[in-house]
Amino acid sequence: MPRSPSPASLTLRSSFWLMAGDQSLAGPGRIELLERIDDTGSIRQAALGMGMSYRAAWDAVDLMSKRSGRVLVARRTGGKGGGGAGLSDDGRALVRAYRRLEVLHARHVTRLSDKLGDLLAR
């Protein structure tokens, strides 16, 4: 019969999503995609770096823009210097807000995890 983990070895782990109403807007993967687009200047390069197709990346960007009601990624048309994409001011604000909330969330999860042993002992 498998042994149950001791209360001391139990921890709490959690991630979160930003929601637009009752629909998912952005979580860890979508925020990483936006950051990679900003870093590379390309939806295609961001997608490749994450091991996803261009279509999946574009669909994720389009979905986030529609659900947020804001343009998050600005596309630049090709030409002599080539095309590309970058985050709009709204896109950067969304990433900044998510990353700040991530820090606060981690602190809260740590506090809850610290109380886990006490809760199990009751």
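Residues numbered from 1 in each chain as written. Predicted model: local features only at pLDDT ≥ 70, side-chain atom pairs only at ≥ 80, totals over all residues. Heavy atoms only, no water.

A.B. asks: When you look at the overall build of the chain in this model, what are you seeing that I'm missing?
C.D. replies: Each helix and strand counted, the chain has four helices and four strands in total. Shown N-terminal to C-terminal, the secondary structure of the chain runs as helices and strands in the order β-β-α-α-α-β-β-α. Residues counted as buried form 27% of the 122 residues belonging to the chain. When contacts within the chain are restricted to residue pairs at least 6 apart in sequence, those whose partners lie at least 24 apart make up 48%. (Helix = DSSP H or I, 4+ residues; strand = E, 2+ residues; numbered from the N terminus. Buried < 20%, exposed > 50% of the residue type's maximum accessible area, 1.4 Å probe, protein only. Contact = heavy atoms within 4.5 Å.)

A.B. asks: So what exactly am I meant to see when it comes to the confidence of the model for the chain here?
C.D. replies: Caution applies to low-pLDDT parts of the model: their predicted coordinates are not meant to be read in detail. Scored by pLDDT, the chain comes out at a mean of 90, with 89% of its residues at no less than 70. When the elements of the chain are averaged for pLDDT, strand β3 (residues 73–76) gives the smallest value, 88, and helix α1 (residues 28–40) the largest, 98. (pLDDT = per-residue confidence, 0-100.)

A.B. asks: I'm lost on the nonpolar core in this one. Help?
C.D. replies: The nonpolar side chains of a soluble globular protein tend to be buried with one another. One finds I31, L33, L34, I37, V73 and L94 to be the most contacted residues of the largest nonpolar core, which totals 22 residues. Looking at this core, the elements with two or more residues in it are β2 (23–26), α1, α2 (43–50), α3 (54–68), β4 (84–87) and α4 (89–121). Ignoring anything within four residues of it in the chain, the contact list for L94 reads L18, L25, I31, L34 and L72. (Core = buried A, V, L, I, M, F, W, Y, C linked by side-chain atoms within 4.5 Å.)

A.B. asks: Can you help me understand the packing of aromatic side chains in this one?
C.D. replies: Geometry of an aromatic ring pair is reported as the spacing of the ring centres plus the angle between the planes. The full count for this structure, using the stated rule, is one aromatic pair. Between the aromatic rings of F16 and Y98, the centroid separation amounts to 4.6 Å while the plane-to-plane angle is 25 degrees, which identifies the pairing as stacked. A residue pair is termed long-range when its members are at least 10 positions apart, and F16 in the segment before β1 (18–20) and Y98 in helix α4 qualify at 82 residues. The positively charged end of R44 is found above the aromatic ring belonging to Y54, 4.7 Å away from the centroid. Its end group placed over the ring of W58, R75 keeps NZ or CZ at 4.8 Å from the ring centre. (Phe/Tyr/Trp six-rings, centres within 6.5 Å; stacked < 30°, edge-to-face > 60°. Lys NZ or Arg CZ within 6 Å of the ring centre and 35° of its normal.)

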